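Results of the structural survey
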Amino acid sequence: MQLKQAISLDKLHLLNPLVNDYLNGKEGLDHLFTYKPKIEEIANVIDAKKDFPFREILHQALEHQYADFSLSAKTKNNLDALLQTSTYTVCTAHQLCLFTGPSYFIYKILSAIKLAGDLNNKYPDKTFVPVYWMGSEDHDFDEINHTHVYGKTLKWQNEDKGAVGRHSLTGFDKIIEEFEELLGTHDAAQEFIARIKNHFIHAANYGSGFQSWILDIFSDYGLLVINQDDAQLKSCIKSIMQDELLNQSTQNALKANGQFLAENYHNQAAARPINLFYLKNKLRERIEREDNVWKVVGTNISFDQAKLLRELNDHPENFSPNVFLRPLYQESVLPNVAFIGGPGEVAYWLQLKDVFNHFKVVQPLILLRDMAIVLPENHLKKLAHWHISIEEMFAHYDEIAKDFVQRFSDNALNLDDERNAISEIFEKVKAKAIEVDPNMGRSAEAELQKIFNSLANLESKLIRAEKRNYEQQLSQLENIQSKLLPNKVLQERYDNFAPVYLKNPDSYFETLLESFNPFDQALKVYQT
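This write-up is about the structure you can find in this document. (Residues numbered from 1 in each chain as written. Predicted model: local features only at pLDDT ≥ 70, side-chain atom pairs only at ≥ 80, totals over all residues. Heavy atoms only, no water.)

The next point concerns the packing of helix α9 (residues 187-200) against helix α10 (residues 206-217). When two helices pack together, you describe them by how their axes are tilted relative to each other and by the distance separating the axes. Direction vectors running N to C along α9 and α10 enclose 140°, while the axes themselves pass 8 Å from each other. As summarised for this structure, α9 and α10 are arranged oblique, according to the angle between their axes. In this structure, α9 meets α10 at a crossing whose hand is right-handed. Contacts from Phe192, Arg195, Ile196, His199 and Phe200 of α9 reach α10 at Tyr206, Gly209, Phe210, Ser212, Trp213, Asp216 and Ile217. Classifying every residue of the contact of α9 with α10 gives seven nonpolar, three polar and two charged. (Axes fitted to C-alpha atoms, helices over the stretch in contact; angles between N-to-C directions. Helix = DSSP H or I, 4+ residues; strand = E, 2+ residues; numbered from the N terminus. Parallel < 35°, antiparallel > 145°, perpendicular 65-115°, else oblique. Left-handed = near helix turned anticlockwise from the far one by under 90°. Contact = heavy atoms within 4.5 Å. Nonpolar A, V, L, I, M, F, W, Y, C, P; charged D, E, K, R; others polar.)

As structure tokens, this is what we get:
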């Protein structure tokens, strides 16, 4: 696998306007973020994070989480480094998608690893550790229970409710068997499946198996994987959760920036009066306040204020932040200098500056993850032979096919010359008609439009007829686009990483890391 080109994201229009303007430094957005997305700002974030207070708790929590795992030497070194005041983290986060879900899960983590490595080189007196923050408390199982491999969809059937990290592994052996059947019997695939079985089959729950597996996949890079469903870590944010429960602080802090975004862009998500769930056993439901009673939606569980604060103090693990408070939780318990997210994540993190300020938590540098696609060598050669760029392949297929036929056909399929000639004639007709009756000008224009419509219809028929002469080439072109945009979605957001990884198991990560750079907003195109 090798990098063939990097295409500026500005050319592809893949980002929403807010993220695009933020990354390009548009003026008038400073109230949405604390640090500009430039590497020079890292020094300022380091300074703001230098008094991080929870190093021992973080280390103890991770030691407890990793107690039954086999860690690489580099992972163990990075874990112990968290105790040093000169150590900082670079973090990304994602749900626990089946077998990692789409490829961009891997790209996110590699972006964090790459930035941590670059910062270690830039600041040799400090240590930067890559972190993957597991969205283990998310309860939308339908979002994470499937993946796409070789055009097939694997779907895990499990009836458990609540936080997905707590799900039992009922039925997981069957989905591993289906994955194995798709990947094949060659040595690399068998080793890959064996590692998955090793981590999941005897795990206590899905979150534990997933955490162990991701630690293993990235063991050479010292990645730390954090399960947010942790009593010790949540004890660090009890004051934040109390403020939220009593004062609806997040929703209030979001108002100013929310209004700005609604008027100029789009609010990525809408806050609730209380942005916490109640989490217990197989339950994760919203908390709502009615007068002086806090109720757990869909249950008979309720608290008065004294009981609520006692529950929070004694069992902080029973409270789960939603999409707005999760960043506050993460940044409270990590000495973090940069958060790397996808376009949607960057957009909602840009809503949160006033929330960070209210809770007196440092908002980190916010960066877009690296974006990538992988195409076979024969596909890229065909496009080069036809002089078709990757950028052009993002158009609607009908437009691509039309342009292809017009470019290569020996027949005249474009009737623009005829349109121009008819237009000149009708100008004369129109002038004569106006001499007779000034109102006749509109009638002449209407007749001209009818002729133009007929020409457009005839032109479409000519192109359709000519397409039949290029049926083989157009079929190949459609196949290439289906690799780039499977199911009309960018490849990295649909296809699982395993098929490409297993072709290059010894070099896949390194090839990506060589060209990844979360400060460089480009779509990397790789050949395999």
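What follows continues from the structure just given.
Positive phi is not limited to glycine here, since Phe99 has a value of about 50°. Relative to the helices and strands, Phe99 resides in the loop between β2 (87-94) and α6 (104-122). Taking relative accessible area as the criterion, Phe99 reaches 1% and is therefore assigned buried. You will see that Lys488, though not glycine, has its phi angle at about 65°, which is positive. (Buried < 20%, exposed > 50% of the residue type's maximum accessible area, 1.4 Å probe, protein only.)

Turning next to helix α15 (residues 305-314). Within α15, burial applies to Leu308, Glu311 and Leu312. Buried residues of α15, seen end-on, are gathered within an arc of 100° and therefore sit on one face of the element. Looking at the buried positions of α15, the neighbouring elements they touch are α12 (238-247), β7 (276-280), β9 (293-296), β10 (302-303) and β11 (319-321). (Arc of directions from axis to C-beta.)

Let's shift gears to the pattern of salt bridges. This structure, assessed with the given rule, holds 17 salt bridges. Of the charged contacts in the structure, one is a salt bridge between Asp21 and Lys26, with a shortest N-O distance of 3.6 Å. Classification of Asp21 by relative accessible area gives buried; the value is 16%. With its nearest N and O atoms 2.9 Å apart, the salt bridge here joins Lys76 to Asp80. Of this pair, Lys76 and Asp80 both sit in helix α5 (residues 73-81), four residues apart, which is roughly one turn of that helix. (Salt bridge = Lys/Arg side-chain N within 4 Å of Asp/Glu carboxyl O.)

For the pair helix α8 (residues 172-183) and α9, interaxial distance at closest approach is 10 Å and the crossing angle is 170°. By the angle between their axes, α8 is roughly antiparallel relative to α9. Taking contact as the criterion, the partners of Phe172, Ile176, Phe179, Glu180 and Leu183 in α8 are, on α9, Ala189, Gln190, Phe192, Ile193, Ile196, Lys197 and Phe200. Residue classes in the contact of α8 with α9 are distributed as nine nonpolar, one polar and two charged.

Let us now look at the packing of aromatic side chains. Under the criterion given, the structure shown has 37 aromatic pairs. Aromatic side chains Phe210 and Trp213 sit 6.3 Å apart centroid to centroid with 75° between the ring planes, which places their arrangement in the edge-to-face category. With Phe210 and Trp213 both in helix α10 and three residues apart, this pair spans about one turn of that helix. Assigned by exposure class, Phe210 and Trp213 land together as buried. Judged by centre distance (5.2 Å) and plane angle (80°), the rings of Trp386 and Phe404 are edge-to-face. Linking Trp386 in the loop between α19 (377-385) and α20 (397-408) with Phe404 in helix α20, this pair joins segments that are 18 residues apart in sequence. Here Phe404 falls in the buried class, since its relative accessible area comes to 3%. Over the ring of Tyr88 we find Arg55; its NZ or CZ atom is 5.8 Å from the centre of that ring. Seen from the ring of Phe277, Arg284 lies directly overhead, with NZ or CZ sitting 3.9 Å from the centre. (Phe/Tyr/Trp six-rings, centres within 6.5 Å; stacked < 30°, edge-to-face > 60°. Lys NZ or Arg CZ within 6 Å of the ring centre and 35° of its normal.)

That is the geometry; function is a separate question.
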